[in-house]
Amino acid sequence: MNDVPYGALIGEVTFHCPLLGEMLWIYTSTAGKAYAVCFAACGAMFNILAGRMRERAR
């Protein structure tokens, strides 16, 4: 394992968005995880529905 100089570890903040952190905090709760799963399931169902609608249009 090689040592890394301390100066190589320090970065520079170029963008700061506190609202994003507040929104991501919601997903750490149990309800937030349930919302995320429901959101993903709705996306999958809309994708299936769009495929079926395309098939019918042919």
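These numbers come from a predicted model, not from an experiment.

### Notes on the overall build of the chain
Right, on to step 1. Secondary structure assignment for the chain yields two helices and zero strands.
Right, on to step 2. Across its three principal directions, the C-alpha atoms of the chain cover 60 × 30 × 25 Å.
Right, on to step 3. Relative to its 58 residues, the chain shows a buried fraction of 2%.
Right, on to step 4. Just so you have it, the chain exposes about 6,000 Å², and 67% of that area is on carbon and sulfur atoms.
Right, on to step 5. Distance from the positive charge centre (5 side chains) to the negative charge centre (4 side chains) of the chain: 30 Å.

### Some words on a nonpolar patch on the surface
Right, on to step 1. A contiguous nonpolar patch, built from L19, L20, M23, L24 and Y27 and spanning about 510 Å² of accessible area, is present on the exposed surface.
Right, on to step 2. Looking at where L24 falls in the secondary structure, it is placed in helix α1 (residues 18–26).

### Brief notes about the environment of R58
Right, on to step 1. On the secondary structure map, R58 appears in the segment after α2 (30–57).
Right, on to step 2. The spacing of R58 and V37 is 21 residues in sequence and 32 Å in space, taken between C-alpha atoms.

### Side note on the state of the cysteines
Right, on to step 1. Evaluation of the coordinates by the stated rule reveals zero disulfides.
Right, on to step 2. Just so you know, C42 is unpaired, no disulfide at all, and the nearest cysteine sulfur is the one on C38, 6.6 Å from it.
Right, on to step 3. The exposure class of C42 is partly exposed, given its relative accessible area of 36%.

Conventions used here
Residues numbered from 1 in each chain as written. Predicted model: local features only at pLDDT ≥ 70, side-chain atom pairs only at ≥ 80, totals over all residues. Heavy atoms only, no water. Helix = DSSP H or I, 4+ residues; strand = E, 2+ residues; numbered from the N terminus. Buried < 20%, exposed > 50% of the residue type's maximum accessible area, 1.4 Å probe, protein only. Areas by Shrake-Rupley, 256 points an atom, 1.4 Å probe, with all protein chains shown as cover. Lys, Arg positive; Asp, Glu negative; His and termini not counted. Charge placed at Lys NZ, Arg CZ, Asp CG, Glu CD. Patch = residues over 30% accessible without salt bridge, like charges linked within 9 Å, V, L, I, M, F, W, Y side chains within 5 Å. Salt bridge = Lys/Arg side-chain N within 4 Å of Asp/Glu carboxyl O. Disulfide = S-S within 2.5 Å.

So, to be careful, I would describe these as geometric facts and stop short of saying anything about function.
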